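Inside the fold
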Amino acid sequence: MQENSNSTMGYKEHAVKDVENLKSNIRGATRIHGAGQSDKKIAFVIVDVQNDFFSGGALPVPEAETLIEPLNAAIKNAEQSGHLIIFTQDWHPVNHSSFEENGGDWKPHCIQGTNGAALHSRLYCPSGAKIVRFGVEPEMDGYSPFENPLMDQLIDTPEVGLVYVAGIALEYCIFATCKQIRDRNKEVVALESLIRAASPDKANETWSKSDNLSIKRLPNLPEEHKGVLGVIAQ
Ligand SMILES: [Zn+2]
């Protein structure tokens, strides 16, 4: 995966550059043939596995370290199956409105180009994976990768039938990502064992909201999809 060194690049420039890469990705993608999913591609979205959300970072999430090993196994499995793999990155300017000093709720985190914004060093990143950076606009929430038009170009296409979601943090970027995938009439499965919550004791509230939006959780994975990401579906 190529790290983009030009952090000042706008969404539009990112999109143009990455869609070129996507074309070859689509051509090489594996099809799945489950009920209602024939001839559709699977996307695997790994949300915000960034240093600032791990211990020692600006906004550590409990148990984040335990995510890496099983997540890497799932990513390798998805890579071998030819699925579209997308990593998202919270990617803020210093004047982002979500920061306390700018009237928001959060400590400064995931500032563009810093170590805190980098993907975790042990995260397995296949060479064909896509990166979607969001939270770039100072006045936008910064909770959903769909703030970046590249996300729609990757997901909101007839080619994609099913989207798996994993990563950090359940209540914020995971929930927003899943909801917006559902808003685009895509089937979405939240891989519960590969998701970490900022407040684990309140996670059930978010899962209840997700259930109401028909966001599936791994325990409810349809039979025909078991084994697609076999390592974590066991
Ligand atoms: Zn953020």
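Residues numbered from 1 in each chain as written. Predicted model: local features only at pLDDT ≥ 70, side-chain atom pairs only at ≥ 80, totals over all residues.

Across its full length, the protein holds six helices and six strands. Reading the secondary structure of the protein in the N-to-C direction produces α-β-α-β-β-α-β-α-β-α-β-α. Looking at the 234 residues of the protein, the share that counts as buried comes to 41%. Looking at the protein alone, contacts between residues at least 24 apart form 76% of all its contacts between residues at least 6 apart. (Helix = DSSP H or I, 4+ residues; strand = E, 2+ residues; numbered from the N terminus. Buried ≥ 20, exposed ≤ 12 C-beta atoms within 10 Å, placed from the backbone. Contact = placed C-beta atoms within 7 Å.)

The terminal C-alpha atoms of helix H2 (residues 68–80), which comprises 13 residues, lie 18 Å apart, in line with the 18 Å expected from a rise of 1.5 Å per residue. Along H2, the positions that sit buried rather than exposed are Leu71, Ala74, Ile75 and Ala78. All buried residues of H2 fall inside an arc of 100 degrees around its axis, so they share one side. Away from the buried face of H2 by more than 90 degrees, exposed residues Glu69 and Gln80 are located. Among the residues trailing H2, Gly82 stands out with phi positive, at a value near 80 degrees. (Expected span 1.5 Å × (residues − 1). Arc of directions from axis to C-beta.)

In this section: the pairing of strand S2 (residues 84–90). Most of S2 is tucked away, with seven of its seven residues classed as buried. Side-chain alternation along S2 places Leu84, Ile86, Thr88 and Asp90 on one buried face and Ile85, Phe87 and Gln89 on a second face that is also buried. Inspection of the sheet shows strand S1 (residues 41–47) paired to S2 by five bridges, in the parallel sense. Residue pairing for S2: Val45 is matched across the bridge by Ile86. Sheet topology places S2 next to strand S3 (residues 130–134); five bridges connect them, and they run parallel. Bridging from a neighbouring strand, Asp90 pairs with Phe134 of S3. (Pairing = 2+ DSSP bridges.)

What follows deals with the packing of helix H4 (residues 170–183) against helix H5 (residues 203–212). It is at 11 Å that the axes of H4 and H5 come closest, and there the two elements cross at 10 degrees. The orientation of H4 with respect to H5, classified from their angle, is roughly parallel. On H5, the residues touching Leu170, Glu171, Phe175 and Cys178 of H4 are Ala203, Thr206, Lys209 and Ser210. Grouping the constituent residues of the contact of H4 with H5 by class yields four nonpolar, two polar and two charged. (Axes fitted to C-alpha atoms, helices over the stretch in contact; angles between N-to-C directions. Parallel < 35°, antiparallel > 145°, perpendicular 65-115°, else oblique. Nonpolar A, V, L, I, M, F, W, Y, C, P; charged D, E, K, R; others polar.)

Note: strands within a sheet are paired through backbone hydrogen bonds, in either parallel or antiparallel orientation. Read across the sheet, six strands follow the order S3-S2-S1-S4-S5-S6 without closing on themselves; strand pairing throughout is parallel. Each edge of the open sheet carries a strand with a single partner, namely S3 and strand S6 (216–217). This element, H2, spans S1, S2, strand S4 (160–168) and strand S5 (187–196) of the sheet and lies at about 145 degrees to S5.

In this structure, the amide linkage connecting Ile168 to the following residue, Ala169, adopts the cis form with an omega of -15 degrees. Positionally, Ala169 belongs in the loop between S4 and H4. In this structure, Asp48 is a non-glycine residue whose phi angle is positive, near 55 degrees. Mapped onto the secondary structure, Asp48 falls in the loop between S1 and H2.

Most of S3 is tucked away: five of the five residues are buried. Neither face of S3 is open: one carries Lys130, Val132 and Phe134, the other Ile131 and Arg133, and all of them are buried.

Counting 57 residues, the largest nonpolar core has Ala43, Val163, Val165, Ala166 and Ile174 as the members making the most contacts within it. For this core, the secondary-structure elements that each account for two or more residues are S1, H2, S2, S3, helix H3 (149–155), S4, H4 and S5. Setting aside its immediate chain neighbours within four residues, Ala43 contacts His83, Leu84, Ile86, Leu154, Ile155, Val160 and Val163. (Core = buried A, V, L, I, M, F, W, Y, C linked by C-beta atoms within 7 Å.)

Considering the arrangement of structural elements, one finds Glu137 in the loop between S3 and H3. Along the sequence, Glu137 and Pro93 sit 44 residues apart, while their C-alpha atoms lie 7.6 Å from each other.

Of all residues in the protein, 76% attain a pLDDT of 70 or more, and the chain-wide mean is 83. Confidence, read as mean pLDDT per element, is least for helix H1 (residues 11–27) in the protein (42) and greatest for S3 (98). Across residues 1–9, where pLDDT falls below 50, the model places eight contacts with residues more than four positions away in sequence or in other chains. (pLDDT = per-residue confidence, 0-100.)

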